[in-house]
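# Coordinate analysis (summary)
Residue-level listing of the chains:
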Amino acid sequence: MKDNLKRVIVDFKKLTPEILALLVEKYPDGYDDDHIISFRNAKNELIEAVEVTTDDTKYLVKVSTKLAVTMENYDEDDYEDFDSDDPEAVQPPEEIND
């Protein structure tokens with residue numbers, strides 16, 4: 001287990017197609033409470049996140065209704081016109097207020 005990874009906290013606004021694809025791959029049926037990591041950030045706010053890892057980075061993606069719905073409705077074709085690291089590509093699902 002490599003632990004010299006960069007740790008990056010990602011909220012929905014910063015979610016990229018690449019990270020979304022990793023999440024869907026790791027949690028094909030969605031995540032549940034067993035997958036959620038809780039920790040306090042630098043401001044001492046409680047953060048709940050799910051973790052995905054690339055070769056050099058551990059992403060802690062904040063959980064939210066928007067994230068769950070976006071993962072559920074994931075279709076990689078929706079993102080083929082975007083760069084894999086473009087946070088503008090992943091738009092919040094309509095009519096959800098977290």
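Direction of pairing for strand β2 (residues 37-40) relative to strand β3 (residues 46-53): antiparallel, over a ladder of 4 bridges. What sits directly across from Phe39, in β3, is Ile47. Turn length for the β2-β3 hairpin, with the two strands adjacent in sequence and antiparallel, is 5 residues, and the turn residue Asn44 shows positive phi of about 65°.

Time to look at unusual backbone geometry. At Asn44, a position not held by glycine, the phi torsion is positive, near 65°. Assignment of secondary structure puts Asn44 in the loop between β2 and β3. For Asn44, a relative accessible area of 52% puts it in the exposed group.

Moving on, we get to the environment of Glu88. Relative to the helices and strands, Glu88 resides in the segment after α2 (65-72). According to the relative accessible area criterion, Glu88 is exposed, its value standing at 56%.

Criteria and cut-off values
- Residues numbered from 1 in each chain as written.
- Predicted model: local features only at pLDDT ≥ 70, side-chain atom pairs only at ≥ 80, totals over all residues.
- Heavy atoms only, no water.
- Pairing = 2+ DSSP bridges.
- Helix = DSSP H or I, 4+ residues; strand = E, 2+ residues; numbered from the N terminus.
- Buried < 20%, exposed > 50% of the residue type's maximum accessible area, 1.4 Å probe, protein only.

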